Amino acid sequence: MNNRTKGPSNALIHKEGFQIILTVGVLFIISNFCIHYFIENHFIFSLLFTVISGVLFILIILFFRVPKRIIEIDNNKIIAPADGKVVVIEQTFEKEYFNDYRTQVSIFMSPLNVHVNWAPVTGLVEYLKYHPGNNFVAWKPKASEENERFTTVFKTSGNIEILMRQIAGKLARRIVSYVTAGKEYKQGEQVGIIKFGSRVDIFLPPHAKVNVQLNQKVKGNKTVIAEF
């Protein structure tokens, strides 16, 4: 099982990235040292490798960044659970939990986006399930049902249920979830992270008013994707 349940990170760099950043940093240092020491008369190649490895190292650090975004909790609004681009807005028959039609809003996260996930509403976790699966490109429709994924259903104080599905993409190989069944989470609270390219689906009640459009870029804990 690739998902794990641990506490969220409050640092500027997510704790899930510490080991990866350290490992990659050490490998880059050793590689640069070997190239500069053992390869003679290849200054341009050595310089190019140093620049590329430095850029890649910075990108890995940025991938695990945790932006500090303060929100005002509003029980009538559903906020984006992730940074990224809206790739799906449609009425979908959700067969895992609801077994009826819901409004699906899907957010695709590229490797350059923040990959922390936040609770879209305040509510109790009514349902929680991990599904092993494939690693198709995350923006494809079949990814929602065939990729490795983690489904969470939040039930608000108004008895409205919102389903959030974290989906691993082509590059993603680990979904990390912090949620516990039966526990209440506040809107905007960290609930997980997906590593290296992925997608989050939100299934809303049919009466919810969607406030975003296809291809719109959204920010987690900031953009209001829908309201009741």
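I will try to describe carefully the structure that is included in this document.

Calculation criteria
Residues numbered from 1 in each chain as written. Predicted model: local features only at pLDDT ≥ 70, side-chain atom pairs only at ≥ 80, totals over all residues. Heavy atoms only, no water. Pairing = 2+ DSSP bridges. Helix = DSSP H or I, 4+ residues; strand = E, 2+ residues; numbered from the N terminus. Salt bridge = Lys/Arg side-chain N within 4 Å of Asp/Glu carboxyl O. Buried < 20%, exposed > 50% of the residue type's maximum accessible area, 1.4 Å probe, protein only.

1. A closer look at the sheet that holds strand E2 (residues 77–79)
Spatially, the three strands line up as an open sheet ordered E2-E15-E13, and their pairing is antiparallel. Looking along the sheet, the strands with just one partner apiece sit at the ends: E2 and strand E13 (209–210). Note that E2 and strand E15 (residues 224–227) share three bridges and pair antiparallel. By the bridge assignment for E15, Lys 77 is matched with Glu 227.

2. Focus: the pattern of salt bridges
By the definition in use, this model includes five salt bridges. The partner of Glu 96 in a salt bridge is Arg 165, and the shortest N-O contact between them spans 2.8 Å. Separated by 69 residues along the polypeptide, Glu 96 in the loop between strand E3 (84–94) and strand E4 (100–109) and Arg 165 in strand E8 (residues 161–168) bring together distant segments of the chain. Between Arg 102 and Asp 100 there is a salt bridge; the shortest N-O distance is 2.7 Å. For Arg 102, a relative accessible area of 14% gives the class buried. Among the residues examined, Asp 100 registers a relative accessible area of 30% and is labelled partly exposed. Because the salt bridges share partners, they merge into one network encompassing Glu 94, Glu 96 and Arg 165.

Read these as spatial facts, not as claims about activity.
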